[in-house]
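Now for the letters of each chain:
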Amino acid sequence: MTANMGTIDKWLRIVVGVLLIALALFDVIGWWGYIGIIPLATGLINFCPVYKMIGFDSRGAGTDKSGDGPV
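Residues numbered from 1 in each chain as written. Predicted model: local features only at pLDDT ≥ 70, side-chain atom pairs only at ≥ 80, totals over all residues. Heavy atoms only, no water.

Caption draft 1: Structural view of the overall build of the protein chain. A tally of helices and strands in the protein chain yields three helices and two strands. Taken from the N to the C terminus, the helices and strands of the protein chain come in the order α-α-α-β-β. A burial count over the protein chain gives 32% of its 71 residues as buried. Taking the intrachain contacts of the protein chain between residues at least 6 apart in sequence as the baseline, contacts between residues at least 24 apart amount to 58%. About 4900 Å² of surface is accessible on the protein chain, with carbon and sulfur atoms providing 73% of the total. (Helix = DSSP H or I, 4+ residues; strand = E, 2+ residues; numbered from the N terminus. Buried < 20%, exposed > 50% of the residue type's maximum accessible area, 1.4 Å probe, protein only. Contact = heavy atoms within 4.5 Å. Areas by Shrake-Rupley, 256 points an atom, 1.4 Å probe, with all protein chains shown as cover.)

Caption draft 2: Layout of the environment of S58. Considering the arrangement of structural elements, one finds S58 in the loop between α3 (49-54) and β1 (63-64). With a relative accessible area of 24%, S58 lands in the partly exposed category. For the pair S58 and G6, spaced 52 residues apart in the sequence, the C-alpha separation amounts to 5.0 Å. Each residue touching S58, except ones within four places of it in the same chain, is listed here: N4, M5, G6, D9 and Y51.

Caption draft 3: How the structure looks around helix α2 (residues 37-45). Among all positions in α2, only P39, L40, T42 and G43 are buried. The inward-facing, buried residues of α2 abut α1 (7-25) and α3. Directly beyond the C-terminal end of α2, a positive phi value near 60° is found at N46.

What follows is the structure, encoded as structure tokens:
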């Protein structure tokens, strides 16, 4: 699995995932908030299977596409 998410994409997914899970835990939005597990997991592993299927990569042009970090 090669990383295919940029830094901003990664942190947005983590924040949104944690927020949704927290709102579900405190019964603010109901049980569907546990869907936040998906963006949280993809943010933590830095890989999105949907991006892979459509051939998208949210890392910028100045990054090494091998997944090892900046060029």
